[in-house]
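So the chains spell out like this:
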Amino acid sequence: MAAIWIDGKNLAAKIKEWVRAEGAALVRRPGLAVIIVGEDPASRVYVNSKRRDCEECGFYSEEYALPDSVVQGELLELIGELNSRTDIDGILVQLPLPKRLNEGEILLAIDPSKDVDCFHPVNVGKLTIGQPVFQPCTPGGVMEMLEEYHIDPAGKRCVVLGRSNIVGKPMALLLLHAHGTVTVCHSKTPDLAAIAAEADILVSAVGKTGLVTADMVKDGAVVIDVAMNRNSEGKLCGDVCFAQVAEKASYITPVPGGVGPMTRAMLMKNTLTAAKLHQGL
Ligand code: NAP
């Protein structure tokens, strides 16, 4: 059986269209400020695409491209200014930051009501107790995909590969809140292949090309590939050996065109949520 491809590109476009319509109905259009430090080419690509997404959604956007030499105090001062601005609903600091900066302190400085990445401990806490203000963008995007394809995690065995704060942990929480039975695997998990093979819904967020082979996938499983790796030819790919796994899975996300566009759409949705919040809606 060949799996159905979950089309993240198409769903992301639908979400952005909805966000644009909702945003246009507000008294003041949503505003997003993006801060980028240094010249990392991958970060630059992400920031450019966020600017395009804002244009598509009719949002106001500002970009702060700071030199690699910026000091902690300057960054905190900028965040403080953006926190007090009424035309800015969301503040996003593009990660990773240079190692010498204290990332934790910087994320903590963002007003939780403007934390559209959902990284602030207040928002992580609210997410943990099942009262989220914002959906963490990548895992939230995965949940939207499951819903769109009528895949209900309730009662299913869900296995998440990876336990990062950005993807693995919040992914596990969202699946748990959706009543899945969730196992999280990481680099110290023995016999990862056997655990993965029990999954009805398998989410891979590790960042290792070729990690998930067909023998690690149960017949008819739903396979979500979050990873964005480069293969030996420099082409974008995920963790999953797509061709062989697609023969066994019932649903599968391609890379590119799967989770990636959904992450971007969820950022727009969160900025809209923040704008509504700031406008008392
Ligand atoms: P990360 O912070 O590096 O975390 C990777 C996780 O994988 C860690 O928990 C690590 O375990 C685990 N791991 C490493 N090697 C493993 C192995 N051999 N077996 C099992 N687990 C292993 O990465 P991340 O930020 O979560 O991102 C993961 C991937 O998703 C990357 O490819 C990234 O580019 C991609 N990503 C995509 C999107 C999107 O929009 N599609 C968004 C964010 C990230 P330990 O905790 O034990 O070290």
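Figured I'd write up the structure that's included with this text.

Calculation notes
Residues numbered from 1 in each chain as written. Predicted model: local features only at pLDDT ≥ 70, side-chain atom pairs only at ≥ 80, totals over all residues. Heavy atoms only, no water. Helix = DSSP H or I, 4+ residues; strand = E, 2+ residues; numbered from the N terminus. Rg over C-alpha atoms; globule rule 2.2 N^0.38 Å. Buried < 20%, exposed > 50% of the residue type's maximum accessible area, 1.4 Å probe, protein only. Contact = heavy atoms within 4.5 Å. Areas by Shrake-Rupley, 256 points an atom, 1.4 Å probe, with all protein chains shown as cover. Lys, Arg positive; Asp, Glu negative; His and termini not counted. Charge placed at Lys NZ, Arg CZ, Asp CG, Glu CD. Pairing = 2+ DSSP bridges. Axes fitted to C-alpha atoms, helices over the stretch in contact; angles between N-to-C directions. Salt bridge = Lys/Arg side-chain N within 4 Å of Asp/Glu carboxyl O. Near = heavy atom within 4 Å. Polar contact = N/O pair within 3.5 Å; in protein donor to acceptor, adjacent residues only side chain to side chain. Nonpolar A, V, L, I, M, F, W, Y, C, P; charged D, E, K, R; others polar. Phe/Tyr/Trp six-rings, centres within 6.5 Å; stacked < 30°, edge-to-face > 60°. Core = buried A, V, L, I, M, F, W, Y, C linked by side-chain atoms within 4.5 Å.

Turning next to the overall build of the chain. When helices and strands are counted, the chain shows 10 helices and 11 strands. Relative to the globule expectation of 19 Å for 281 residues, the C-alpha radius of gyration of the chain, 19 Å, shows essentially globular dimensions. In terms of principal-axis extent, the alpha carbons of the chain reach across some 55 × 40 × 35 Å. Residues classed as buried in the chain amount to 48% of the 281 residues present. Summarising the internal contacts of the chain: among those between residues at least 6 apart in sequence, 71% fall at separations of at least 24. Summing over all exposed atoms, the chain offers an accessible surface of approximately 13,000 Å²; the carbon and sulfur share of this is 56%. Averaged over its 28 positive side-chain charges, the chain has a centre that lies 1 Å from the centre of its 34 negative ones.

Here we come to the sheet that holds strand β7 (residues 201-204). Pairing in this open sheet of six strands is parallel, and the strands run β1-β11-β8-β7-β5-β6 from one edge to the other. The sheet is open, and its two borders are formed by β1 (4-5) and β6 (181-185), each paired with just one other strand. Bridge count for β1 against strand β11 (residues 251-252) is two bridges, and the pairing is parallel. Paired with Ile4 across the two strands is Tyr251, which belongs to β11. Across the sheet, helix α7 (residues 168-177) is in contact with β5 (157-161), β6 and β7; its angle to β5 comes to roughly 170°.

What follows covers the side chain of Asp117. Inspection of the secondary structure puts Asp117 in the loop between α4 (103-109) and α5 (121-128). There is no salt bridge for the buried Asp117, and the closest opposite charge comes from Lys50, which lies 5.6 Å off by N-O distance. When near neighbours in sequence (up to four residues on either side) are disregarded, Asp117 contacts Leu92, Val93, Pro136, Cys137 and Leu267.

Turning our attention to the environment of Leu11. Within the fold, Leu11 resides in helix α1 (residues 8-24). Taking the C-alpha atoms as reference points, Leu11 and Cys57, separated by 46 residues in sequence, lie 15 Å from one another. Other than its neighbours up to four places away in sequence, Leu11 contacts Glu144, Met145, Glu148 and Met262.

The side chains of a regular strand alternate between the sheet's two faces. Because side chains alternate across strand β4 (residues 90-93), one face comprises the buried residues Gly90 and Leu92, and the other comprises Ile91 and Val93, equally buried. With four bridges connecting them, strand β2 (residues 31-37) and β4 associate as parallel partners. Bridge assignment links Leu32 to a residue of β4, and that residue is Gly90.

Around the ligand, the structure places 19 residues, and the nearest of them are Arg163, Ser164, Ser187, Val226 and Thr263. In the environment of the ligand, an oxygen atom lies 2.7 Å from a nitrogen or oxygen atom belonging to the side chain of Arg163. Starting from 930 Å² of accessible surface for the ligand in isolation, the protein chains cover 70%. Looking at the shell around the ligand, the element that brings in the most residues is helix α10 (residues 259-278), giving three residues. Taken together, the residues of the shell around the ligand break down into eight nonpolar, nine polar and two charged.

Further remarks concern the packing of aromatic side chains. Under the definition given, this model contains two aromatic pairs. Aromatic side chains Trp5 and Phe242 sit 5.0 Å apart centroid to centroid with 85° between the ring planes, which places their arrangement in the edge-to-face category. Taken together, the residues span a long stretch of sequence, with Trp5 in strand β1 and Phe242 in helix α9 (residues 242-246) at a distance of 237 residues. Each ring, one from Tyr149 and one from Tyr251, has its centre 6.1 Å from the other, and the planes form 70°; the classification is edge-to-face. Residue Tyr149 is found in the loop between α6 (137-148) and β5, and its partner Tyr251 is found in strand β11; the two are separated by 102 residues along the sequence. Residue classification places Tyr251 among the partly exposed positions, given a relative accessible area of 21%.

With that out of the way, let us pick up the sheet that holds β4. Taken in spatial order, the three strands of this open sheet run β3-β2-β4, and their pairing is parallel. Looking at the sheet topology across the chains shown, the edges are occupied by β3 (60-66) and β4. Shown here is a sheet whose adjacent strand axes are inclined to one another by a mean of 15°, direction ignored. For β2 and β3, the ladder comprises seven bridges, and the chain directions are parallel. Within β3, the residue paired with Ala33 across the bridge is Glu62. Sheet contacts for helix α2 (residues 41-57): β2, β3 and β4; angle to β3, the most-contacted strand, approximately 165°.

The next subject is the nonpolar core. Among soluble globular proteins, nonpolar side chains are generally buried collectively. Leu32, Leu146, Leu175, Val203, Ile224, Val226 and Met268 are the most contacted members of the largest nonpolar core, which totals 48 residues. Counting residues per element, this core draws most heavily on α10, which supplies nine residues. Ignoring anything within four residues of it in the chain, the contact list for Leu146 reads Ile151, Pro153, Leu175, Ile201, Val222 and Ile224.

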